[in-house]
Amino acid sequence: MKMVVVAGTPGSGKTSVLMHAVKDLLRSGRSPALVKIDCMWTEDDARFKRLKVPVAVGLAKDMCPDHYAIYNFEEMLHWAVAQQADMLLNETAGLCLRCAPYPDKALAICVIDVTTGPNSPLKVGPLLTTADAAVMTKGDLVSQAEREVFRERILEANPGCRINEANGLSGKGSAELAQLMASWPDISGEMVLRHNPPLAICTLCTGELRISKEHHRGVLRHLDGFMEYTGE
Amino acid sequence: MSQAISQSMSEAMGQTFSQTINPMINMEQNINPLTLTIQGGVDKDSHPDAVTEIEIARGEIIGIVGPTGSGKSTLIADIEQFALGDTPSGRRILINSLEPAGELRSNPRKKLVAQLSQNMHFLADMSVEEFLRMHAKSRGKDPRLADKVIALANTLTGEPVNPAFQLTILSGGQSRALMVADIAVISDSPIVLIDEIENAGIKKQEALRLLAGEGKIVVVVTHDPMLALMASRRIVMKNGGMTKVISTNEDEQRVFKDVERVDGWLTALRETIRQGEVVA
């Protein structure tokens, strides 16, 4: 079993890029199964189902969607095995950028939209810096010079990363991506995350709605950067 | 990057190229492109291209013509990424009759192709100078070339570009002038692809001359009669396919002389009107 985690900000083109890669995987005789993680609602599963591959949806609802994905990876893998798949493709919800839901042995792909400007690779954080491959989308909307500057910025953030220029509309770059997925080593044994998720235990996590500081307990960080534990 | 990862990457690459039929060119070789070959693929309905192969030599300007949606930009994209039968068109692009491999396809420092696309604006939130310096760096060039690019751009546009300007506030003409100058100075590649320069709001002939440089292979998408007739041959596109190749002839070149005269006259008139004078 191979495992691929596709992360990236909302609207960056994760689903479209993945759709084209799945078509290429099917053509080369692979059997991928797909799990789409989202927060409240998604209809991406309907798009994936048109490709006639096993598709499951996980809605994180009240839980952080990346934490939810990490918590459920094992179950996803069991499900993929039951579908007689040889590859689990997991598309994340793509939200806060601080979590990088990448198990060490999976292929970690960060999809990043070129039109967000050359400073965005520096903002993305562990989602990009710990990825094996970065997929640059929407390159047709900018000049070649801008694509090259963007590429340089990705390499500044993650010097060892493989970069793939893909177009979710035309399918450009998907064959290369599918080949990378198919060539990735199988997962084995126990897996650990590449990067620690953020500390996120505070009264807000348990549903506190009031805003002023006196109502909050937990590991909290002030605007000036001072971090403290408040509570019993 | 771990050993395992780089190993699996090279396996992935090995897999790509073992499927191909053409001999391979790799980045260790010193590439001096003399010919660019387009091997036909399929059109939008999966019918094979009528043009099965076309070879373009150094110093040649070749046109791509056809109605909107006929596949001109797709053909340009195939060339830009050195398609190896792995794009939706299934075309293959060869350099000196060999398939370009690995880094030649992706790494800007090795890139053989400079491209002027239809985009009229920059989206990067940076100053002109900062952007150009970073672009030079990505191409492995001296960042000081930025000044040269700006000076050259200012010969192509009526509204001067200042190094401190934010890219996003540039007009369409300023952006295109900067993109052209950037290609001539920083992305100085042996193969130049141009998509519709006539809509650029800049001096189109001068721009084409700048981009073509000395001994380059130039592929230009155009419907402008003058630019199209500056090409020695033109590929005709229809429904995503390459349907035929027209070589320009003596009759066309006679027409070209007329077009040149008319264009010169129109340019002079345009300048008169721009200067707020009366056309005599």
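Residues numbered from 1 in each chain as written. Chains lettered and ligands numbered in written order. Predicted model: local features only at pLDDT ≥ 70, side-chain atom pairs only at ≥ 80, totals over all residues.

Enquirer: Lay out the sheet that holds strand β4 (residues 61–65) of chain B with the relevant residues and their values.
Expert: All names here are of chain B. Taken together, the six strands give an open sheet; going across it, the order is β7-β8-β9-β4-β10-β11, and neighbouring strands pair in mixed fashion. Only two strands of the sheet have a single partner each, and these edge strands are β7 (113–116) and β11 (241–247). Taking each pair of neighbouring strands and ignoring which way they run, the sheet shows an average axis angle of 20°. Strand direction decides the pairing type here: β4 and strand β10 (residues 233–238), joined by four bridges, are parallel. Residue pairing for β10: V65 is matched across the bridge by V236. (Pairing = 2+ DSSP bridges. Helix = DSSP H or I, 4+ residues; strand = E, 2+ residues; numbered from the N terminus. Axes fitted to C-alpha atoms, helices over the stretch in contact; angles between N-to-C directions.)

Enquirer: Before we move on, could you go through the sheet that holds strand β2 (residues 32–38) of chain A and cite the residues and values that matter?
Expert: Residue and element names in this part refer to chain A. Sheet architecture is open: seven strands sit in the order β3-β2-β4-β1-β5-β6-β7, paired in parallel fashion. The outermost strands of the open sheet, each flanked by one partner alone, are β3 (55–59) and β7 (162–165). The mean inter-strand angle of the sheet, taken between neighbouring strand axes irrespective of direction, is 20°. As paired elements, strand β6 (residues 133–137) and β7 share four bridges and run parallel to each other. Among the inter-strand pairings, A134 is bridged to a residue of β7, identified as I163. Sheet strands in contact with helix α3 (residues 65–82) are β1 (2–8), β2, β3 and β4 (87–91), and its direction is about 155° off that of β2. (Contact = placed C-beta atoms within 7 Å.)

Enquirer: Go over the nonpolar core with me, naming the residues and quoting the values.
Expert: Ranked by internal contacts, the top residues of the largest apolar core, which has 126 residues, are I109 and M181 of chain A. By residue number, the principal contributor to this core is helix α6 (residues 172–185) of chain B, which donates eight residues. When residues no more than four places from it in sequence are discounted, the contact partners of M181 of chain A are K2, V4, A21, L25, M87 and L107 of chain A. (Core = buried A, V, L, I, M, F, W, Y, C linked by C-beta atoms within 7 Å. Buried ≥ 20, exposed ≤ 12 C-beta atoms within 10 Å, placed from the backbone.)

Enquirer: Summarise the interface of chain A and chain B; cite the residues concerned and give the values.
Expert: Buried accessible area, meaning the area lost when the parts come together, often serves as the stated size of an interface. Counting from both sides, the interface comprises 28 residues of chain A and, opposite them, 34 residues of chain B. Of all the secondary-structure elements, those providing two or more residues to the side of chain A that touches chain B are α6 (144–157), β7 and α7 (174–183) of chain A. With seven residues, the single largest contributor to the side of chain A that touches chain B is α6 of chain A. Looking at side-chain class alone, the side of chain A that touches chain B contains 10 nonpolar, 10 polar and eight charged residues. (Nonpolar A, V, L, I, M, F, W, Y, C, P; charged D, E, K, R; others polar.)

Enquirer: Give me the packing of α6 of chain B against helix α7 (residues 204–212) of chain B: which residues, what numbers.
Expert: All names here are of chain B. One way to put it is that α6 packs onto α7 with a least axis distance of 8 Å and a crossing angle of 25°. Between α6 and α7, the angle is such that the two are roughly parallel. Relative to α7, α6 is oriented so that their crossing is left-handed. Contact residues: V180, I183 and A184 in α6; A207, L210 and L211 in α7. Each residue belonging to the contact of α6 with α7 can be placed in one class, and the counts come to six nonpolar, no polar and no charged. (Parallel < 35°, antiparallel > 145°, perpendicular 65-115°, else oblique. Left-handed = near helix turned anticlockwise from the far one by under 90°.)

Enquirer: Which residues make up the domain arrangement of chain A, and what are the values?
Expert: Looking at chain A, the domain boundaries give domain 1 (2–183) and domain 2 (199–232). Computed from C-alpha atoms alone, the centre-to-centre distance between domain 1 of chain A and domain 2 of chain A is 32 Å. (Domains from an automatic or database assignment.)

Enquirer: Let's hear about unusual backbone geometry: which residues, and what values?
Expert: Outside of glycine, negative phi angles account for most residues, and trans bonds account for most peptide bonds. Of note, the phi angle at Q84 of chain A is positive, near 60°, even though the residue is not glycine. Mapped onto the fold, Q84 of chain A is located in the loop between α3 and β4. Backbone geometry at N96 of chain B places phi at a positive 50°, although glycine is not the residue there. Considering the arrangement of structural elements, one finds N96 of chain B in the loop between β5 (92–95) and β6 (99–100).

Enquirer: Account for the environment of K110 of chain B, naming residues and giving values.
Expert: Mapped onto the elements of the fold, K110 of chain B is located in the loop between α3 (103–106) and β7. Given 16 C-beta atoms within a 10 Å radius, K110 of chain B is considered partly exposed.

Enquirer: Quick one: what's the story with α6 of chain B, residue by residue and with numbers?
Expert: Spanning 14 residues, α6 of chain B covers 20 Å between terminal C-alpha atoms, matching the ideal 20 Å at 1.5 Å per step. Burial runs high along α6 of chain B: 12 of the 14 residues are buried. Here α6 of chain B has its buried residues at Q174, S175, R176, A177, L178, M179, V180, A181, D182, I183, A184 and V185 of chain B. The inward-facing, buried residues of α6 of chain B contact α6 of chain A together with β7, α4 (128–138), α5 (145–156), β8 (191–195) and α7 of chain B. (Expected span 1.5 Å × (residues − 1).)

Enquirer: Go over the pairing of β8 of chain B, please, and point to the residues and values.
Expert: Residue and element names in this part refer to chain B. When you tally the buried positions in β8, you get five out of five residues, the bulk of the element. Alignment of β7 against β8, held across four bridges, turns out to be parallel. Residue Q115 lies in a different strand from β8, and its bridge partner there is L193. Here β8 runs beside strand β9 (residues 217–221); their pairing, made up of five bridges, is parallel. Considered in β9, the bridge of V192 is made with V218.

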